[in-house]
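Examining the three-dimensional arrangement
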Amino acid sequence: MTQQLTVDKNLTIKQWCEVCHSVAKEKGFWEKERNIGEALMLIVTEIGEAMEGYRHQDQDNFREELADTFIRLFDLCGGLDIDIEAEIIKKAEKNKSRPYKHGKIC
Ligand SMILES: [Mg+2]
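Residues numbered from 1 in each chain as written. Predicted model: local features only at pLDDT ≥ 70, side-chain atom pairs only at ≥ 80, totals over all residues. Heavy atoms only, no water.

A word on a nonpolar patch on the surface
Worth spelling out the cut-off: Here a patch means residues that are over 30% exposed by relative accessible area and free of salt bridges, tied together within 9 Å if like-charged and within 5 Å if nonpolar (Val, Leu, Ile, Met, Phe, Trp, Tyr). For accessible areas, the Shrake-Rupley method is used with a probe of radius 1.4 Å. Any residue's cover is judged against the shown protein chains and nothing else. One side-chain nitrogen of Lys or Arg within 4 Å of one carboxyl oxygen of Asp or Glu is enough to make a salt bridge. Helix numbering and strand numbering both begin at the N terminus, where a helix is a DSSP run of H or I of at least 4 residues and a strand a DSSP run of E of at least 2.
A surface patch of nonpolar side chains, amounting to about 480 Å² of accessible area, comprises I36, L40, M41, V44, L80 and I82. Of note, L40 is situated in helix 2 (residues 36–55).

Structure representation (structure tokens):
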């Protein structure tokens, strides 16, 4: 029987990482040392699935695969204890200071 996941809709990104990682652990995906390269490529596959949804003009599937992408990414960040919220803030500030089109001509 599938249990309903009840989450607060106002979670921080850090809390989403905790939730996604906790569910992934519960489902057995962290029983042995995680292959990080494989985990990264699985995130890429979700992007590929989103592309397929987009190509087929299946908005529900497109949105679901984007959600899968975040879920896998949040799980990975949770598993590696990365404060991705802090990293996003740092990088967004860095990007803000970069030149127009980040200095690229094309
Ligand atoms: Mg998927």
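Details of the environment of R98
Selection criterion: Burial classes follow relative accessibility: with a 1.4 Å probe on protein chains only, a residue under 20% of its type's maximum area counts as buried, one over 50% as exposed, and anything between as partly exposed.
When you line up the elements, R98 lands in the segment after helix 4 (84–96). By relative accessible area, which is 35% here, R98 ends up partly exposed. With 73 residues separating them along the chain, R98 and K25 place their C-alpha atoms 39 Å apart.

A look at the coordination of the magnesium ion
When four donors bind a metal tetrahedrally, each ideal donor-metal-donor angle is 109.5 degrees, and when six bind octahedrally, the ideal angles are 90 or 180 degrees. Operational definition: Each metal's donors are the N, O and S atoms found within 2.8 Å of it, except that Na, K and Ca use a 3.2 Å limit; water is left out, so coordination can look incomplete.
Within the protein, the atoms that donate to the magnesium ion are E46 (OE), E49 (OE), E65 (OE) and D68 (OD), at distances of 2.1 to 2.2 Å. On the primary sequence, the residues serving as donors to the magnesium ion are separated as E-x2-E-x15-E-x2-D. You can see E46 and its partner E49 sitting in helix 2, three residues apart, about one turn around the helix. In this structure E49 comes out as partly exposed when scored by relative accessible area, which is 33%.

Some thoughts on the side chain of H21
Keep this limit in mind: Each polar contact in these results corresponds to two N or O atoms within 3.5 Å; when the atoms are within protein, one needs to be able to donate a hydrogen and the other to accept it, and residues that are neighboring in sequence are counted only if both atoms are side-chain atoms. Any pair of residues with heavy atoms lying within 4.5 Å of one another is described as a contacting pair.
The residue H21 is located in helix 1 (residues 13–26) in this model. H21 sits in the buried class, given a relative accessible area of 12%. At 3.4 Å, the side chain of H21 forms a polar contact with the side chain of W30. At 3.5 Å, the side chain of H21 and the backbone nitrogen of G79 are in polar contact. For H21, the residues in contact, after removing those within four places along its chain, are W30, D75, G78 and G79.

Thoughts on unusual backbone geometry
Positioned with a positive phi, Q57 is a non-glycine residue whose angle comes to about 55°. When you line up the elements, Q57 lands in the loop between helix 2 and helix 3 (59–79). Relative accessible area serves as the criterion here: at 71%, Q57 is assigned to the exposed category. Even without glycine at this site, D81 takes up a positive phi of about 55°. Relative to the assigned elements, D81 resides in the loop between helix 3 and helix 4.

Looking at the packing of helix 1 against helix 3
In plain terms, the rule: The axes used here are C-alpha line fits, helices contributing only the stretch in contact, and every angle between their N-to-C directions lies in the interval 0 to 180 degrees. To sort the angles, those under 35 degrees are grouped as roughly parallel, those over 145 as roughly antiparallel, those from 65 to 115 as roughly perpendicular, and the leftovers as oblique. Polar here means any residue other than Ala, Val, Leu, Ile, Met, Phe, Trp, Tyr, Cys and Pro, which are nonpolar, and Asp, Glu, Lys and Arg, which are charged; Gly is therefore polar.
Relative orientation of the contacting elements helix 1 and helix 3 amounts to 90°, with a least axis distance of 7 Å. The angle between the axes of helix 1 and helix 3 places the two elements in the roughly perpendicular class. Only I71, F74, D75, C77, G78 and G79 of helix 3 make contact with helix 1, whose side of the interface consists of I13, W16, C17, C20, H21 and A24. Residue composition of the contact of helix 1 with helix 3, by class: eight nonpolar, three polar and one charged.

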